[in-house]
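Observations on the three-dimensional arrangement
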Amino acid sequence: MSRAGDSADSCTTTKASTLDEIAIQAITSVVEAYKPLRKELQKEAAERAAAASREGSAKWVWRKKTPEATEVAAAFAAAHAVAPGGLHLFANKLEDGDLEARGWAGPGGTGLTLVHYDVHDVLEDTPLGSWFKDKEEKLRSGKYYFSHVTDMMRFALVYKHGGLYLDADVIMMRPISLSHLNAVVRPPHTMIECAVVYFEAGHPFIWQVLTHIKNHYAINDWTTAGPRALTVVYEEYKFHGPNRDVYDLPLRLAPGTYYGLSLGRAKSFWDSGEVVPEDFAGCEAVHVWGSIARGYLSHSGRKDYYLDEAHRQRVRQRVAALRAVPGCAPDAPRLAPGESVADIADVGAAGLGGHCVVAPPVSAGSCMVA
């Protein structure tokens, strides 16, 4: 799942005219990372169907050796996380033609499926369903309404359907490891982040997060329905273990798995392109903090979309700098839950030290935080 959406009638929207280079790079990276798996799964299904048709009975297929292609597909599916249902882009102001123009649609489900949604439907059958309907008018008056609603939606979608949720400013470096299911990332000196959420359907921890949002919602707190809710519930699970099933406590992943670029380093990254390679140990995706780049958090409250060529080139340079980080390479060592960079053998040989800086910015522009 990937978010590039908007509330049913919010003025803060993602549409063709505001689909900027940050979102384009992020969405494209997801499609490209998972396209091989989608093709393998389709190939497997087609071969099984053809074999069953030729023999007149699907039972014959199971008595014979599994085709090599099926074994390859099964191995790939076991090693990497993606729901058989495919990839879905939630965006009310985009149309199928917009996806086709970007090459995101893909034949036979190898690409994205566009979903036009209603917030009430998404939140239905969760602790937030009736609560949101009762409080919606008040919530809409808040400064962070759009952020809060999208936070609520991600947890509701993952709770109800299971799978991998990604914000539309997350650059995929390689498919997410299956071992990272039901796990969280807490970068140093901050809260658990939620630009990447990967849980099985019906997980009790996500239910408690949704319940916490309902019971402790703070309209003026940007993090109330996202990182703060995750962090408070996690701490409650950890310190009140006897009252919880120990298996409900999410695993912990190394910060570099998804957040090698921390919030504290995001401004310098967008200013100069500087990255610190050792922060990206075990990297599988990178949250690039579009909120910083676009100025959402500046005092002016401006929103600068990366639409002109100079800004597009800036984004492409930044993404290239991330892909050049050794820890983000397709064959770089991965970190299992509970492991840290110290657990990777020959870290120095992997080139994780030092700093990298891309070429000077094309234009100072107006994309930096004031």
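Before going into details, it helps to say that this report is about the structure given with it. (Residues numbered from 1 in each chain as written. Predicted model: local features only at pLDDT ≥ 70, side-chain atom pairs only at ≥ 80, totals over all residues. Heavy atoms only, no water.)

Counting its secondary structure elements, the chain contains twelve helices and nine strands. In the chain, buried positions account for 50% of the 370 residues. For the chain, restricting intrachain contacts to residue pairs at least 6 apart in sequence, the fraction spanning at least 24 positions comes to 79%. Accessible area of the chain: about 16600 Å², with a carbon and sulfur share of 53%. (Helix = DSSP H or I, 4+ residues; strand = E, 2+ residues; numbered from the N terminus. Buried < 20%, exposed > 50% of the residue type's maximum accessible area, 1.4 Å probe, protein only. Contact = heavy atoms within 4.5 Å. Areas by Shrake-Rupley, 256 points an atom, 1.4 Å probe, with all protein chains shown as cover.)

Within the largest apolar cluster, 37 residues are counted, with the highest numbers of intra-cluster contacts made by Phe132, Met152, Phe155, Phe205, Val209 and Ile213. When contributions to this core are tallied by element, the ones reaching two or more residues are helix H5 (119-123), helix H6 (129-140), helix H7 (145-161), strand E7 (196-199), helix H8 (204-216) and helix H9 (227-239). In terms of residue count, H7 provides more of this core than any other element does, nine residues in total. Apart from residues lying up to four places away in sequence, Ile213 is in contact with Leu128, Trp131, Met152, Phe155, Thr224, Ala225 and Ala229. Ranked by size, the runner-up nonpolar core spans 31 residues in total, among them Tyr34, Leu166, Met172 and Ala195. (Core = buried A, V, L, I, M, F, W, Y, C linked by side-chain atoms within 4.5 Å.)

This next bit is on empty space enclosed by the protein. Inspection of every chain in the model, using the stated rule, returns three cavities of 30 Å³ or more. Counted as a void, the largest cavity has a volume near 70 Å³. In terms of lining, the largest cavity is formed by 13 residues, of which the most central are Ala183, Val184, Glu193, Val196 and Val197. Elements that contribute at least two residues to the lining of the largest cavity include exactly strand E6 (183-185) and E7. Broken down by class, the residue content of the lining of the largest cavity amounts to twelve nonpolar, no polar and one charged. (1 Å grid on protein atoms, 1.4 Å probe; cavity = no way out; pocket = protein on both sides within 12 Å on 5 of 7 lines; lining within 4 Å. Points joined across faces, edges and corners; volume = space filled by probe spheres on them. Nonpolar A, V, L, I, M, F, W, Y, C, P; charged D, E, K, R; others polar.)

The next thing to look at is the side chain of Glu136. On the secondary structure map, Glu136 appears in helix H6. Within the structure, Glu136 has its side chain in polar contact with the side chain of His120 (distance 2.7 Å). In contact with Glu136, not counting residues within four places along its chain, are His120 and Tyr145. (Polar contact = N/O pair within 3.5 Å; in protein donor to acceptor, adjacent residues only side chain to side chain.)

Glancing now at unusual backbone geometry. Trans peptide bonds make up most of the peptide bonds, and negative phi angles are found at most residues other than glycine. Unusually for a residue other than glycine, Asn182 sits at a positive phi of about 60°. Tracing the chain through its elements places Asn182 in the loop between strand E5 (170-172) and E6. With relative accessibility at 14%, the residue Asn182 sits in the buried group. One non-glycine residue with positive phi stands out, namely Trp289, at about 55°.

This paragraph deals with the pattern of salt bridges. Pairing between side chains of opposite charge can happen when the charged atoms of each approach one another. Applying the stated criterion to the full structure yields 13 salt bridges. A salt bridge links Arg186 to Glu235; the nearest nitrogen and oxygen atoms lie 2.7 Å apart. Of this pair, Arg186 sits in the loop between E6 and E7 while Glu235 is found in helix H9, placing the two residues 49 residues apart along the sequence. Between Arg228 and Asp221 there is a salt bridge whose closest N-O contact spans 2.5 Å. Counted as one network, the salt bridges with shared partners bring together Glu21, Glu309, Arg312 and Arg316. (Salt bridge = Lys/Arg side-chain N within 4 Å of Asp/Glu carboxyl O.)

Two numbers describe how helix H10 (residues 263-272) lies on helix H12 (residues 309-323): the axes approach to 9 Å, and their chain directions differ by 120°. Contacts from Phe269, Trp270, Asp271 and Ser272 of H10 reach H12 at Arg314, Val315, Arg318 and Leu322. Taken together, the residues of the contact of H10 with H12 break down into four nonpolar, one polar and three charged. (Axes fitted to C-alpha atoms, helices over the stretch in contact; angles between N-to-C directions.)

Enumeration over the complete set of coordinates arrives at seven aromatic pairs. Geometrically, the ring pair formed by Phe269 and Trp270 is edge-to-face, given 5.2 Å between the ring centres and 75° between the ring planes. Residue Phe269 is classed as buried on the basis of its relative accessible area, which comes to 1%. Classification of Trp270 as buried rests on a relative accessible area of 2%. Aromatic rings pair up to connect Phe199, Phe205 and Tyr237 into one cluster. (Phe/Tyr/Trp six-rings, centres within 6.5 Å; stacked < 30°, edge-to-face > 60°.)

Purely geometric stuff here, so don't read any function into it on its own.
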